[in-house]
Structures are given as structure tokens and as C-alpha cells.
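Residue strings, one per chain:
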Amino acid sequence: MSDQSIVLHVAVQAPAHSQIGDLLSYAHDAPLPPGTLVRVPLGPREVPGIVWDGAPAHAPAGGPLRAVGAVLGGLPPLDAPWRRLVAFAARYYQRGLGEVALAALPPALRELTPEQLARRLRRRAAAPALPPRPEEAGEGEGVTSIPIALSAEQTSAGAQINAQTGPFLLFGSTGSGKTEVYLHAVQQALARDERAQALVLVPEINLTPQLQARFRERFAPLYGDAAIVSLHSGMTPPQRLASWLAAHAGQARIVLGTRMAIFASLPHLALIVVDEEHDASYKQQEGARYSARDLAVWRGRDAGAKVILGSATPSLESWHASSPGVGRYRRLAMPSRIGAAELPRLRLVDMAQQPRRAVFAPPLVAAITERVERGEQCLVLLNRRGFAPVLHCHACGWKSDCPHCSATQVFHKVDRTLRCHHCGAAGSVPRACPACGNPDIVPAGRGTEQLEEQLAALLRNVITPERRAARVARIDADTTRAKGALAAQLAQVHAGEVDVLVGTQMVAKGHDFRRMTLVAAVQPDSALFSSDFRAPERLFALLMQAGGRAGRDARYMAAHQSAPELWVQTWHPEHPLFAALRAHDYPAFAARQLAEREAAAMPPFSHQALLRADARTQEAAQAFLQAAGQAAREAALPGLAQVFLYPPVPLTVQRVANVERAQMLLESASRAALQAVLAAWQPLLHAERSRHKGLVRWLVDVDPQAI
Ligand code: ADP
Ligand code: ZN
Ligand code: ZN
């Protein structure tokens with residue numbers, strides 16, 4: 001055996017909350033560059049690791065250090081910017097460096113032996129390499145292979161993106177052609193440098209196929225099919241590995257992905273686009289609870305890459321950052337729709353004026369009927385899946401509570417089951433009330449499935465111009481569980497085989513339906529009075545987004561002499577949110593919300609973190625939080641004077657799968673102070689944990705999206 005004389009610092013994935021430090025030391029017979037993938041012994045196992053930065057040292061031969069097991073030498077090391085990103089994310093979101101670093105790699109890569117990796121890399125090398133660069137590419141500024149002429153607003157946005165460093169907040173109405181601006185910016189970035197790479201993030205996998213098609217159509221002729229890859233959780237492990245390797249090797253020039261793609265290795269990153277930047281799905285809800293949008297801004301600045309955040313309804317954080325007084329982001333406005341298409345007119349239906357128990361107000365049904373008879377499409381939005389949320393006994397008041405959660409099981413008519421949407425527990429529907437034996441238990445409340453049925457019944461006699469009966473179809477999490485189901489259903493809508501689409505927010509975002517002219521939100525009220533201070537912001541964004549599906553094609557609308565409408569059924573038509581919605585005035589809505597937030601010192605005027613505890617009992621969960629707060633005060637943690645610790649409270653859904661959950665909110669006007677407290681708190685929390693027997697786990701959520 002050669003002498004093991006060099007000490008390497010290696011990031012490994014230590015079990016969550018174990019006390020293993022961030023980096024472990026191993027001996028090796030030669031120095032390895034930081035970023036090299038290795039396999040190292042950890043306890044009885046061999047685990048993947050990444051050689052990390054750190055002063056080289058000599059270890060005494062035969063010393064106590066264990067030796068590196070294998071080196072995955074065929075792979076170029078993960079570069080310093082990637083390591084900085086991972087280190088920042090770990091620090092900021094209060095997780096282990098190794099945990100974040102290894103989780104950022106595709107699972108298939110973590111499992112490969114050096115031999116398997118070498119074989120894979122050989123196979124890649126054997127595959128046809130980059131295509132010959134066609135003439136159009138490389139002309140630099142003013143490349144004109146763009147088939148459509150940009151609108152004046154698109155041109156202006158594009159010019160600013162070209163000339164300034166950013167980050168940019170592209171504030172463009174729905175249908176203003178934001179995607180075209182992204183395509184243009186990507187084209188500019190790739191033409192400027194023949195190795196440059198662009199990362200384009202979208203909120204949901206559902207949206208990737210349409211976007212991917214547009215990027216492929218535009219860039220495959222220029223750079224070849226292999227230059228455009230996707231990265232999201234819907235891919236198989238081998239697919240993900242292939243995309244990841246292509247990005248890491250620099251062959252992929254454009255990576256399209258969901259939030260996880262923010263951690264892709266992109267050695268020549270020149271541009272990051274975050275589409276629908278306000279979307280809550282950019283926040284990871286497990287493990288390291290990172291915000292891909294916020295990391296995009298950090299990564300862009302660190303790597304010298306431009307960042308474009310795009311939305312018709314930006315997050316209040318980004319809006320505030322781009323306000324003239326703050327100016328951290330450069331705001332680019334595109335208020336007009338392409339082709340002078342109109343934005344939908346708001347039709348508020350006061351439910352107090354409607355027949356009692358009507359789910360669909362008669363005027364709305366009439367409006368839908370009229371549209372369908374003209375051959376136009378309508379979208380009915382509801383944000384709850386399942387047939388009916390609750391089974392209910394009128395005789396004794398029993399309802400279908402989940403036995404494991406403080407939530408109610410939902411009645412699914414298709415397979416006649418009761419399912420808990422929190423823990424997944426499912427059972428069959430009882431024949432009679434389990435409490436009193438009453439055989440007449442009925443569904444209460446409404447889900448998309450029931451809406452679909454009711455609507456189909458209401459439109460039973462409606463005939464389309466093609467002289468066929470109106471078709472109602474539903475798209476939600478239940479109808480799209482099978483692979484490819486969503487794409488197939490969306491294709492039917494695009495092909496005009498569906499007249500009325502009933503769906504959840506899944507169909508409200510992003511899609512470019514060309515014949516849709518009416519959108520209706522049937523039950524949006526709960527969000528008006530939610531305890532979550534972000535609920536109005538979300539509702540406004542959802543309604544604007546959903547409304548944005550209507551009337552996108554100016555020529556179609558003109559030919560049909562049709563005007564787009566957004567219908568909202570509400571018991572609170574006087575609510576100020578609707579006034580802003582009517583005027584399509586996001587700035588007015590944002591200004592009012594921001595004034596309220598400022599007065600109450602809430603984000604973005606303060607910074608928040610949650611300490612959460614899960615335990616066998618609510619008392620145990622809260623006791624841990626109480627003790628953690630006490631420990632912080634006793635230790636007089638640095639920055640604590642500027643951080644407010646709220647008392648522990650149960651979560652809204654307090655019990656899930658028999659685990660009680662509680663949380664404690666931390667708030668500070670100073671992000672730095674909050675970060676200092678969280679960092680110094682970690683060891684105390686680990687120590688406290690062992691003193692609380694009933695505790696299942698604890699976790700920290702920095703910049704939480706829901707309180
Ligand atoms: P957004 O993302 O802002 O909602 P899209 O980028 O989807 O809007 O654009 C809306 C529609 O307008 C799309 O069908 C797109 O192809 C079309 N479009 C965009 N820019 C132009 C343009 N400059 N000329 C003609 N059509 C355009
Ligand atoms: Zn009963
Ligand atoms: Zn449950």
C-alpha cells in the first residue's frame with residue numbers, strides 16, 4: 001500500500017441532524033482537486049463524497065485517518081462557483097454542507113462506481129458530439145434568426161437586458177410575450193460566447209413540455225438537439241443523469257428545469273431565467289428548504305450571470321426590491337398584450353344575490369353557454385381536488401375525520417374511497433354513519449369532480465357550432481396521475497375537443513390556450529380571510545394568472561367578435577382585492593399590500609424563520625420549542641437582541657400521521673442578525689434534542705412561505 005500522506009476534506013451526506021461536522025478528513029496518497037467525486041468509508045458503509053476546499057496538510061503515515069476508497073476521476077471536478085453556491089445554500093438554509101452538496105447531484109451519479117461512471121462517460125464520448133455550428137449562430141449582436149418581430153415593449157426589455165447587468169424583474173402582463181423575451185435573451189447570451197450556458201427555471205413540470213417545445217424549435221436548428229436538456233423530478237434517474245452530465249460537461253447550452261435545476265453544474269453559466277418567479281413551488285419544502293428563485297439571484301451575482309425574474313404578478317419581495325426607492329432589481333415593464341389583445345374584463349358575481357345553494361350562478365351558466373355555442377372554450381377554476389371534501393352525517397354531526405391527522409378525509413367518488421390529503425391514509429366509504437348508524441351520510445362541500453358533473457348537467461343541452469354536445473373535462477391531480485396523462489389531456493384542450501375545462505391551479509398557469517375566452521373562479525373566498533398573510537397575494541396572482549388564459553389570441557378574438565372575461569363568484573364583492581383585479585392593476589394591489597406589510601413589519605420589511613418541532617404529543621413539541629427559546633436567551637446568542645421570538649403555536653394542520661406539529665416564528669428587521677442567531681443556535685438545538693424524549697424531529701425553515 002502506498003503511503004497515505006495527504007489529508008483531504010470531504011463533504012459527505014451525513015444522516016440529518018447527526019452531529020457529524022460539515023467536512024470529514026480522509027487520507028489519500030496524492031492531492032485531489034476540490035470538486036472531485038470520491039467514495040469514502042463512513043461507519044460500516046462506503047458513501048459518495050466530494051473533495052472540498054481546505055488547506056492541504058500532511059497526515060502521519062499510518063495515522064488514525066481512514067483512506068479514500070475510490071476516486072471518480074473520469075468526471076471533471078465540480079467547479080468553485082458550484083461549490084460556493086452549495087456552501088452558501090447550506091449556510092443560509094441551516095443544513096449540512098455535505099447534505100446539500102450530495103442532494104444537489106443526480107441520484108444515479110451518487111450510486112455509480114468509478115468503473116460504471118467511466119463506461120458511461122465513454123458512451124457519451126462515442127455519441128455524436130456538438131453539431132457543426134450553423135452560419136446563423138455567432139453573428140453576435142443583432143442576430144436575426146428570430147422568426148417573429150419583437151413588439152416595441154419586447155424590444156425595449158431585450159435592449160435593457162443586453163445593456164445592463166441586472167438582476168431584472170420582467171413585469172409583463174399575461175400574454176405580453178415574456179417567453180419571447182427569454183428566448184431573445186438566451187439567444188443573445190449564447191451568441192456572445194460560444195461556450196455560454198443558460199438556465200431556465202419554470203415552476204412546474206407541467207409547464208416544461210410547452211416551454212421545451214418552444215426552446216427546441218428556436219435553438220435546435222442553431223445548436224443541435226443535444227444542446228437543450230431538461231432537469232426535473234418527473235424524469236427517470238438515467239435521464240436525469242444524462243442531462244446533468246451534459247450540463248456539467250458544457251455540451252448542454254440550455255437547461256430547462258424546475259427548482260432542483262438551480263443546483264445544476266453549469267461551468268459556463270451566463271444567464272438564469274426564473275419564469276413565474278412568484279410561484280410558491282420555487283420553495284423546497286423538505287430537507288434544505290431553499291428558494292430556487294432567491295438562490296438564482298445569488299448564483300447569478302456570484303457567477304457574473306444575468307438573472308431575469310419574470311411574472312405578471314411578482315412576489316411582493318421582488319416587487320419591493322425593484323421599486324425605485326430600493327433599486328436592487330431593475331424593473332422592466334411590458335403592460336400590453338401581444339397583438340393588442342385585450343385583458344379579460346372582470347365580472348363579479350355577488351353570491352348573496354343568487355339562488356340559495358347555487359354552485360354556479362345562473363348568469364355565469366348563461367355566459368358559458370353562450371361562449372360554447374359560439375365554439376369558444378371556457379375554464380372553470382377550483383382549488384380543491386376530489387369529489388367532496390367531507391362525508392357528513394346530518395343526524396349526529398359525524399364527519400369523515402382522518403384517524404391519524406387533524407384533517408378530514410376527502411370523499412373520492414371514482415373509486416368510492418375516503419382519502420386523507422395530508423397523510424395519504426385511504427379507506428372505503430362506510431355504508432352507514434359509523435357513529436349513529438344513519439344510512440344517509442352525504443357529501444358536503446365541493447370538489448372539482450362534483451363541479452364537473454354539475455356543470456355537465458347544466459350544459460346538457462348546449463350544442464357547439466359543429467353540432468355536437470358540449471364537452472366538459474376535468475384536469476387535476478387525480479386525472480393526471482398516470483404518466484403522460486396531463487400532456488394528453490392538455491393536447492385535447494389545445495385541439496378544441498374540450499369546451500369547458502374544470503381544473504385546479506394546475507391549469508391556471510402558463511398554458512397558451514388559443515381559443516379560451518372565459519375563465520371563472522367559483523369559490524375563491526376562503527383565501528380572502530386566511531390566517532396566512534400571503535393568502536391575498538396568492539389569490540390575486542392566481543386570479544390574474546387564470547384570467548390570463550382568456551383571450552390570448554387577438555386575431556381569434558377579433559374574428560369571433562369576442563371579448564375575454566374573468567368571472568369571480570364571491571360573497572364579498574366589495575373586497576379591495578377585486579377593485580385592483582378589475583383594473584388589472586397589480587401595482588395598486590402591491591402598493592396597498594406593501595403598505596400593510598410595512599405597518600405590521602412583515603416581509604419584505606422583516607425577515608422570518610420558523611423553528612418547527614414534530615413530536616408524539618403537542619405538549620412535547622411545544623416544550624422543545626420553549627426550551628430552545630430559553631436556551632437561546634440564556635446563551636445570549638449574537639444578534640438575539642434584534643430578533644423577536646414568538647411563542648410556540650400548533651400548525652394549522654396540527655397532527656399528520658399521528659405526529660403533532662408545532663412551530664415558533666422568529667422575526668427580525670436584520671437578515672444578518674437572524675442568520676447569526678440561527679447559526680449559533682444549531683449546536684444548542686442538537687443538545688436540546690436529546691433532552692426531549694417524545695420529540696420526533698425538528699427543523700428550521702428560513703424565509704418560510706407559509707406561516
Ligand atoms: P406570456 O408568457 O407573457 O404570458 P407568451 O410569451 O406566452 O406570453 O406570448 C403570448 C403569445 O404571443 C404566444 O402565443 C407567443 O407565441 C405570441 N408572441 C409573443 N411575442 C410575439 C411577437 N413579438 N409577435 C407575435 N406573436 C408573439
Ligand atoms: Zn351519525
Ligand atoms: Zn391523515
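In short, a report on the structure. (Residues numbered from 1 in each chain as written. Chains lettered and ligands numbered in written order. Predicted model: local features only at pLDDT ≥ 70, side-chain atom pairs only at ≥ 80, totals over all residues. Heavy atoms only, no water.)

## Some details on the overall build of the protein
Quick note on the threshold: Starting at the N terminus, helices and strands are each numbered in turn, a helix being any DSSP run of H or I of at least four residues and a strand any DSSP run of E of at least two. Every radius of gyration here is taken over C-alpha atoms, with the globule rule written as 2.2 Å times N^0.38, N being the number of residues. To sort residues, take the accessible area from a 1.4 Å probe on protein chains only and compare it with the maximum for the residue type: under 20% means buried, over 50% means exposed, and anything in between is partly exposed. Every residue pair with non-hydrogen atoms within 4.5 Å of one another is taken to be in contact. Reported accessibility uses the Shrake-Rupley method at a 1.4 Å probe radius. Residues are deemed covered only where the shown protein chains occlude them. Neither His nor the chain ends contribute to the count of charged residues, in which Lys and Arg are positive and Asp and Glu negative. Note on charges: their place is set at NZ of Lys, CZ of Arg, CG of Asp or CD of Glu.
Looking only at helices and strands, the protein features 19 helices and 28 strands. For the protein, whose C-alpha radius of gyration is 27 Å, the value lies close to the compact-globule estimate of 27 Å for 707 residues. Dimensions along the principal axes, computed over C-alpha positions, put the protein at roughly 85 × 70 × 50 Å. Within the protein, buried positions represent 56% of all 707 residues. Here the analysis covers contacts within the protein between residues at least 6 apart in sequence; of these, 75% occur between residues at least 24 apart. When the accessible surface of the protein is summed, it comes to about 29,900 Å², and 54% of that surface belongs to carbon and sulfur atoms. Averaged over its 75 positive side-chain charges, the protein has a centre that lies 3 Å from the centre of its 62 negative ones.

## Focus on helix H8 (residues 237-248)
To be explicit about the condition: Working rule for helices: expected span equals 1.5 Å times residues minus one.
Look at H8: 16 Å from first C-alpha to last across 12 residues, which is about the 16 Å you get at 1.5 Å a residue. Positioned one or two residues after H8, Gly250 has a phi angle of 85°, which is positive.

## Concerning the coordination of the zinc ion (ligand 2)
Note the following rule: The donor set covers N, O and S atoms within 2.8 Å of the metal, switching to 3.2 Å for Na, K and Ca, and it leaves out water, so a site may look short of donors. Metal sites are grouped by the angles between bound donors: all angles between 85 and 135 degrees with four donors is tetrahedral, opposite donors over 155 degrees apart with the others between 65 and 115 is square planar for four donors and octahedral for six, and any other pattern is irregular.
Listed as protein donors to the zinc ion (ligand 2) are Cys393 (SG), Cys396 (SG), Cys433 (SG) and Cys436 (SG); their distances from the metal cover 2.3 to 2.4 Å. Because the angles between the four donor atoms bound to the zinc ion (ligand 2) fall within 105 to 114°, the donor set is best described as tetrahedral. Here the donor residues for the zinc ion (ligand 2) map to a single chain with the spacing C-x2-C-x36-C-x2-C. Looking at Cys396, the relative accessible area reads 39%, which means it is partly exposed.

## Observations concerning the pairing of strand S20 (residues 472-475)
Rules: The pairing criterion for strands is at least two bridges between them, as found by DSSP. When the strands point away from the viewer and the connection leading from the first strand across the helix to the second strand turns clockwise, the crossover is called right-handed.
Judged from the four bridges that link them, S20 and strand S21 (residues 500-503) form a sheet pairing that is parallel. Bridged to Val472 within S21 is Val500. This β-α-β element, S20 to helix H13 (residues 485-494) to S21, shows right-handed connectivity.

## Quick look at the sheet that holds strand S8 (residues 228-231)
Quick reminder of the rule: Axis lines are fitted to C-alpha atoms, over the contacting stretch for helices. Their N-to-C directions set the angle, which ranges from 0 to 180 degrees.
Spatial strand order, S8-S9-S7-S10-S11-S6-S12: seven strands in an open sheet with parallel pairing. Only two strands of the sheet have a single partner each, and these edge strands are S8 and strand S12 (330-334). Along the sheet, successive strands turn relative to each other by an average axial angle of 20°, direction set aside. Direction of pairing for strand S6 (residues 168-172) relative to S12: parallel, over a ladder of five bridges. Considered in S12, the bridge of Leu170 is made with Leu332. Of the strands in this sheet, strand S7 (197-201), S8 and strand S9 (254-257) touch H8, which is tilted by about 125° from S8.

## Regarding the side chain of Arg474
Convention followed: Pairing of N or O atoms within 3.5 Å defines a polar contact, subject to two protein rules: one partner must be a possible hydrogen donor and the other a possible acceptor, and residues neighboring in sequence count only if both atoms are side-chain atoms.
Inspection of the secondary structure assignment puts Arg474 in strand S20. Residue classification places Arg474 among the buried positions, given a relative accessible area of 12%. Here the side chain of Arg474 touches Glu452 through a polar contact of 2.8 Å, side chain to side chain.

## Quick look at the pattern of salt bridges
This is how it is decided: By salt bridge we mean one thing: a side-chain nitrogen of Lys or Arg within 4 Å of a carboxyl oxygen of Asp or Glu.
The tally for this structure, following the rule as stated, stands at 31 salt bridges. When the shortest N-O distance is used, the salt bridge between Glu565 and Arg347 registers 3.0 Å. With a gap of 218 residues between them, Glu565 in strand S23 (residues 565-570) and Arg347 in strand S13 (residues 345-350) connect regions that are remote in the sequence. What makes Glu565 buried here is its relative accessible area of 10%. The residue Asp512 makes a salt bridge to Arg552 at a minimum N-O spacing of 2.6 Å. Placement of the pair is Asp512 in the loop between S21 and strand S22 (516-521) and Arg552 in the loop between helix H14 (535-547) and helix H15 (554-560), with a sequence separation of 40 residues. Looking at Arg552, the relative accessible area reads 16%, which means it is buried. Within the structure, one salt-bridge network assembled from shared partners comprises Arg347, Glu370, Arg371, Arg374, Glu376 and Glu565.

## What about unusual backbone geometry?
Gly166 connects to Pro167 through a cis peptide bond whose omega is -5°. When you line up the elements, Pro167 lands in the loop between helix H5 (152-163) and S6. The step from Pro603 to Pro604 runs through a cis peptide bond, and the omega angle for that step is 5°. With respect to the element layout, Pro604 can be found in the loop between helix H17 (586-599) and strand S24 (607-615). With a phi close to 50°, Ala601 is a non-glycine residue in the positive phi region.

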